[in-house]
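As a plain string of letters, each chain reads:
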Amino acid sequence: MPTEPVRVLLADGDDRFAAALGDALDRSPGNATIRRVRDHAAAATAVESESYDCVVTEYAIVGTENGEDRGGRDRTEIDDAESGLDVLRRARDRDSTIPVFLVTDAGSERIAAAAVDAGATGYVRKGESAGSTERVAEAVAERICRAVTANRSDAETLPFGEDRFEVLDRMADGFVAVDDEDAITYLNAQAAALADTVDGRGADAAEGRVDSATADDGATAGGDATADDGATEGGDATAGNGATDGDALVGTSIWDAFPNAAGTEFETAFERARETGEPTDARTYYEPADSWFEARIYPSASGVSVYFRDVTEAVEEREELERRERVMRRLYEIISAKDDPFERKVEKLLALGRDVLGAESGLLSHVQGSRYVVEVADDSTGSFGAGAVVDLEETNCERVVTAEASLQVRDIASDPELSSRPGFVQEGISCYVGAPVVVDGDVYGTFCFYDREDRPVPFSEWEATLVDLMARWVGYELERRETQAEMRRERDRLEQFASVVSHDLRSPLNIAAGNVDLVRESRDDERLERTAKALDRMEELIADALSFARLGERVVDAEAVDLDRVAEEAWDTIATGDATLETEPLGAVVGDASRIRTLFENLFRNAAEHGGSKDGDAPTVTVGWDDDVLYVADDGPGIPESDRERVFETGYTTSPEGTGFGLGIVKAVAEAHGWTVRATDADGGGARFEFGDVVRRRTK
């Protein structure tokens, strides 16, 4: 160990690691002192202006991004160093033999490769678990003492130390170097472990996977800095279980060591890198290890270096996400199919669920008291079909109905209560996933899947959510169908009312009106005149009531409606007297032309009857657009603010001659189109009716 004082430069913003390294050096046999700086710029300046025996630098110091160090200094005013690699190179430029250790919180094969290329003495990951910082600091202190001793004794070391291979062996990534004839010149422990999977050599293939997270205490990617032979914990395990020795493969063709890599994307990328001289990468499946690997290939004048890492987990996650995306797309296609009836959609959902879950059977049930009624079934076992009825307490669904919550059981035999039910005892149902179907706040039934084989793993959260989503859609659709049925019943009642009004009331009215007219031809009596007006009034009321009953139905068969033409026709239809109509080009909207014409007729009639200036001038009615709001306005006295909500109520009128249906019909027609309507002030006075959410048909 060094007897003369050892000056160590530490560039690191991590107070905990700095303190731990200082304590470790104080306990070491060498007489070491530390000068600490908190940014790379200061470190670069120090190694160029002062003499040190060893440099330890963090690859990326938190807090010095964007040109600002912890002291608030502008880095560009001091130096242009941006990472630990810059400090390493400055140190090498000044002294090619000085030991330089690169430490990092989050390593990668890219950083490790750059450290080796730049001549790092060692590459160490700090680790993130409790106590790992202190252990790594102890190991780094020991390596500092060994490296300084070797450097001072002029030992036969490379300028960057024999620890070069320790750097490569400490990487969680695999590394292979080959010469210009594809013969292996070096491979680290991880690469040797992968070669060991060929034909089942040495350790079991599953144990030979390269894993980017082999330890929790900093032993990954070089974190096991205490190892004297440069092997990681995973490397030691490989060496101890009879796996292939990496040295034994030196001189072997890479294609003999990894024969299953031939003919894959890796070989294509390898040859491309050699031909172009440019780094390439490839992702390929390596059958002996049953794993996916991502390789980065770096060509040089003397050969090729290959870094690779196991990305099986990432590939499987991506494939799972893509599978889920396909499932959700199929789910959307099923529920949005306009031509399929409800039952057919449910059948397709059950088939989709069976395929995704790997289940034998899927059911939509309806619970009626204690009866469990199968409404739709997709059952490959033939045990249940539509219309089948069983006692609810005999089923697994009883628990779903009682708890009003989803249920997932991978092995019913492990549930004492469920395993005693006939579903398991008689039918052999061994796994189950189901969700309640809720309609109007009450449990209608269940949407479930089951199989006679238990599952090796529980249902995933995504699978349970998928079943729950299907059940929710079924509940929504059943609720919608019930709402539509109620609307049809209401419509039938209105139609019946309209029929009664049209036939049973109009017939006697017509008789009465006819007789009054006959009598008036022979007699001139004021009482007959009043009777005729009353009968006319009743006819108006009947006409408005019929219109109100029939115009409020939801518009289904919408089409492009020319508002200019419809407004003109409506104006020509009613008695407007001396009133005038002013319109701007209105264009087209999506709706029902007949009902929109009725809307205009009632608004125009309302303006003609209630509009006009205080001086008795005839009213002017304006129809136009205000952005995307359609409006009809007049220049009359307007509507008091307190009455603007009430004017749309059926029967509300301020005129003894009015029926109170006009603006009620306007609101009914607007709502039938999905529009909003409100009454407000017109510019300069008068009433203005505004319609929002109107779908305009844009013209080119």
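Residues numbered from 1 in each chain as written. Predicted model: local features only at pLDDT ≥ 70, side-chain atom pairs only at ≥ 80, totals over all residues. Heavy atoms only, no water.

I would appreciate a short explanation of the nonpolar core in the present structure.
The tendency in soluble globular proteins is for nonpolar side chains to be buried as a group. F600, F604, F689 and F691 are the most contacted members of the largest nonpolar core, which has 37 residues in total. Those elements that place two or more of their residues in this core are α19 (563-573), α20 (593-610), β20 (620-626), β21 (629-634), α21 (662-672), β22 (676-681) and β23 (687-692). Considering every element that reaches this core, the biggest residue donor is α20, with 7 residues. Setting aside chain neighbours within four positions, we find F691 in contact with L599, L603, D628, V629, L630, V666, A670, W675, T676 and V677. (Core = buried A, V, L, I, M, F, W, Y, C linked by side-chain atoms within 4.5 Å. Buried < 20%, exposed > 50% of the residue type's maximum accessible area, 1.4 Å probe, protein only. Helix = DSSP H or I, 4+ residues; strand = E, 2+ residues; numbered from the N terminus. Contact = heavy atoms within 4.5 Å.)

What's the story with the sheet that holds strand β5 (residues 122-125) in this structure? I'm lost.
Two orientations exist for strands paired in a sheet by backbone hydrogen bonds: parallel and antiparallel. With parallel pairing, the 5 strands of this open sheet are ordered in space as β2-β1-β3-β4-β5. Lying at the two open borders of the sheet, with one neighbouring strand each, are β2 (32-37) and β5. Taking each pair of neighbouring strands and ignoring which way they run, the sheet shows an average axis angle of 20°. Its contacts with the sheet put helix α6 (residues 132-152) on β1 (6-11), β3 (54-58), β4 (100-104) and β5, and the angle it makes with β5 is roughly 175°. (Pairing = 2+ DSSP bridges. Axes fitted to C-alpha atoms, helices over the stretch in contact; angles between N-to-C directions.)

Is there a simple way to think about the packing of aromatic side chains in this case?
With the rule as written, the count across this model stands at 17 aromatic pairs. Each ring, one from F266 and one from F270, has its centre 5.9 Å from the other, and the planes form 50°; the classification is tilted. Placement of the pair is F266 and F270 together in helix α12 (residues 265-276), with a separation of 4 residues, close to one helical turn. The exposure class of F266 is buried, given its relative accessible area of 9%. Note on F270: relative accessible area 0%, which makes it buried. For the ring pair Y298 and Y307, a centre distance of 5.5 Å and an interplane angle of 80° mean the geometry is edge-to-face. Of the aromatic side chains, those joined through ring pairs into one cluster are F175, Y186, Y298 and Y307. The lysine or arginine in question, R455, covers the ring of F459, its NZ or CZ lying 4.0 Å from the ring centre. Sitting above the plane of the Y631 ring, R688 keeps its charged end 4.2 Å from the centroid. (Phe/Tyr/Trp six-rings, centres within 6.5 Å; stacked < 30°, edge-to-face > 60°. Lys NZ or Arg CZ within 6 Å of the ring centre and 35° of its normal.)

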